[in-house]
Amino acid sequence: TVQQQLAIQHAQELLQKLSDKCFKACVQKPGSTLSSSEQKCISQCSDRYMEAWNVVSRSYADRIKREQNRH
Amino acid sequence: TVQQQLAIQHAQELLQKLSDKCFKACVQKPGSTLSSSEQKCISQCSDRYMEAWNVVSRSYADRIKREQNRH
Amino acid sequence: TVQQQLAIQHAQELLQKLSDKCFKACVQKPGSTLSSSEQKCISQCSDRYMEAWNVVSRSYADRIKREQNRH
Amino acid sequence: MSLGSLASDPELQKFVATKELENQITAQVHHLTNICFDKCLESSGSASDLSARQTVCLQNCVERFLDCSVLITNRTVQRIQQGR
Amino acid sequence: MSLGSLASDPELQKFVATKELENQITAQVHHLTNICFDKCLESSGSASDLSARQTVCLQNCVERFLDCSVLITNRTVQRIQQGR
Amino acid sequence: MSLGSLASDPELQKFVATKELENQITAQVHHLTNICFDKCLESSGSASDLSARQTVCLQNCVERFLDCSVLITNRTVQRIQQGR
């Protein structure tokens, strides 16, 4: 369905953004493996990014609702 | 018309770029309102960006014309 | 053909990325011409970027092949 | 049903418009998260959850970004009306 | 008029090509403004208008960026022709 | 051949799918070059070729970026399955 396709597309976009942001933040000099501290940093970075996504999403929805009620 | 749709689309793109650039430049720590100094910074930033857009647009058009005359 | 159109599109994208990256890196204060040191910097920057593109392209292809063999 | 009559079907038009709006909202949430993550979580160290302070910063960041957009849009409309 | 015959109409093709060119030019102006604003207005302080120096910098920025693109394009074409 | 029957032609579908995959791979190579160029060539000075160290860094950069993507994807799938 269109709905599912959109959901998949947005999940892919989110994963791409997460990889970009957390790789840049956590891997300074790429070595022959991901060190355990790099792995830990990536995990925490991606968890926090997902939490941030949820907070932003709720705040944005709240604002839209408030604007609609004003009109 | 197609012309109007393009114009609207480009206006939206310009407003999005302006918001991104001036928010990043003027709002260091987002508080519970926009302070008057943040508002002043945003206004000046967006004015200057629009002026810069006009200068760039004219310079680019001039260059295209010059290149066409050379051939 | 579609193939040619894609190739042209990717070449244009590569040239755009190269111009962005090397202009930002090599031209600090835009003057009335490109100085010879700016030109040299741009040439080297674009050569190295193309080489980097080739290395990345091969590494990425190798990884895809390895992943496919694992399954 | 022909392509032409499909395109003018009011039910379909409404469905497409709703999907497009959802799409725009999600794109904007991606965009805002990207900006506000950098503004609010830079010095986050290795905490395992968002702190209360970071959460408030993210909420304020969304609100102030939208205020900023409104300010710029109004200003631009004004300039155009004044024909500057 | 069917979709097929519309697509091969020379008037329409010319109209679409012109619109597409306009579109590309506007996109390039957005792109150049973004780059040159950062190069030329960083230390602009709180002046209420562009200074003469900033205006010249913006004009040079557009010209030098296009020179840079030409230089890179020529160099790349050369490399391809030499089969390197 | 009508648009409808063209769209359901299996040969054409396969052709389009292959082209789309090629397209995605090339886009990803653009993206990775952009990121890894910054990580590995910053302090490259004026050398006329990539150094051995820079080449290894670029290769590692591609591999570690993909490891990072896999790590994040697995973690996200886990979170969704746990319904967090």
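- Chain D appears in an unreviewed UniProt entry as Mitochondrial import inner membrane translocase subunit from Rotaria socialis.
- According to the UniProt record, the Subunit (unreviewed entry) comment for chain D is "Heterohexamer."
- Quoted verbatim from the Subcellular location (unreviewed entry) field of UniProt, the annotation for chain D is "Mitochondrion inner membrane".

**Describing the interface of chain D and chain B**
Thought 1: Chain D puts 18 residues into the contact, and the matching count from chain B is 22 residues.
Thought 2: Between chain D and chain B the total buried area reaches about 1900 Å² when both faces are included, carbon and sulfur atoms providing 64% of it.
Thought 3: Among the residues of chain D in contact with chain B, Lys39(D), Arg64(D) and Ile72(D) are the three that bury the most area, contributing 32% of the side total.
Thought 4: Linking chain D with chain B are one salt bridge.
Thought 5: Across the pair Asp47(B) and Arg75(D) runs a salt bridge, and its minimum N-O distance is 2.7 Å.
Thought 6: Counting the contacts that link chain D with chain B gives eight residue pairs in polar contact (both at pLDDT 80 or more).
Thought 7: When residues of the side of chain D that touches chain B are traced back to their parent elements, those giving at least two are α2 (10-40) and α3 (52-81) of chain D.
Thought 8: In terms of residues, the side of chain D that touches chain B owes the most to one element, α3(D), which gives 14 residues.

**Quick notes on the layout of surface pockets**
Thought 1: Quantified by volume, the largest pocket comes out at close to 2300 Å³.
Thought 2: If you trace the largest pocket, you find 45 residues lining it, with Gln16(A), Lys17(A), Asp20(A), Gln28(F) and His31(F) closest to the centre.
Thought 3: At the level of elements, α1 (2-26) of chain A, α1 (2-26) of chain B, α1 (2-26) and α2 (36-70) of chain C, α2 of chain D, α2 (10-41) of chain E together with α2 (10-41) and α3 (52-81) of chain F are the ones that each hand at least two residues to the lining of the largest pocket.
Thought 4: A per-class count over the lining of the largest pocket returns 11 nonpolar, 17 polar and 17 charged.

What counts, and where the lines are drawn
Residues numbered from 1 in each chain as written. Chains lettered and ligands numbered in written order. Predicted model: local features only at pLDDT ≥ 70, side-chain atom pairs only at ≥ 80, totals over all residues. Heavy atoms only, no water. UniProt positions renumbered as here; feature names shortened; annotations may be inferred. Contact = heavy atoms within 4.5 Å. Buried area = accessible area lost by both parts, 1.4 Å probe. Salt bridge = Lys/Arg side-chain N within 4 Å of Asp/Glu carboxyl O. Polar contact = N/O pair within 3.5 Å; in protein donor to acceptor, adjacent residues only side chain to side chain. Helix = DSSP H or I, 4+ residues; strand = E, 2+ residues; numbered from the N terminus. 1 Å grid on protein atoms, 1.4 Å probe; cavity = no way out; pocket = protein on both sides within 12 Å on 5 of 7 lines; lining within 4 Å. Points joined across faces, edges and corners; volume = space filled by probe spheres on them. Nonpolar A, V, L, I, M, F, W, Y, C, P; charged D, E, K, R; others polar.

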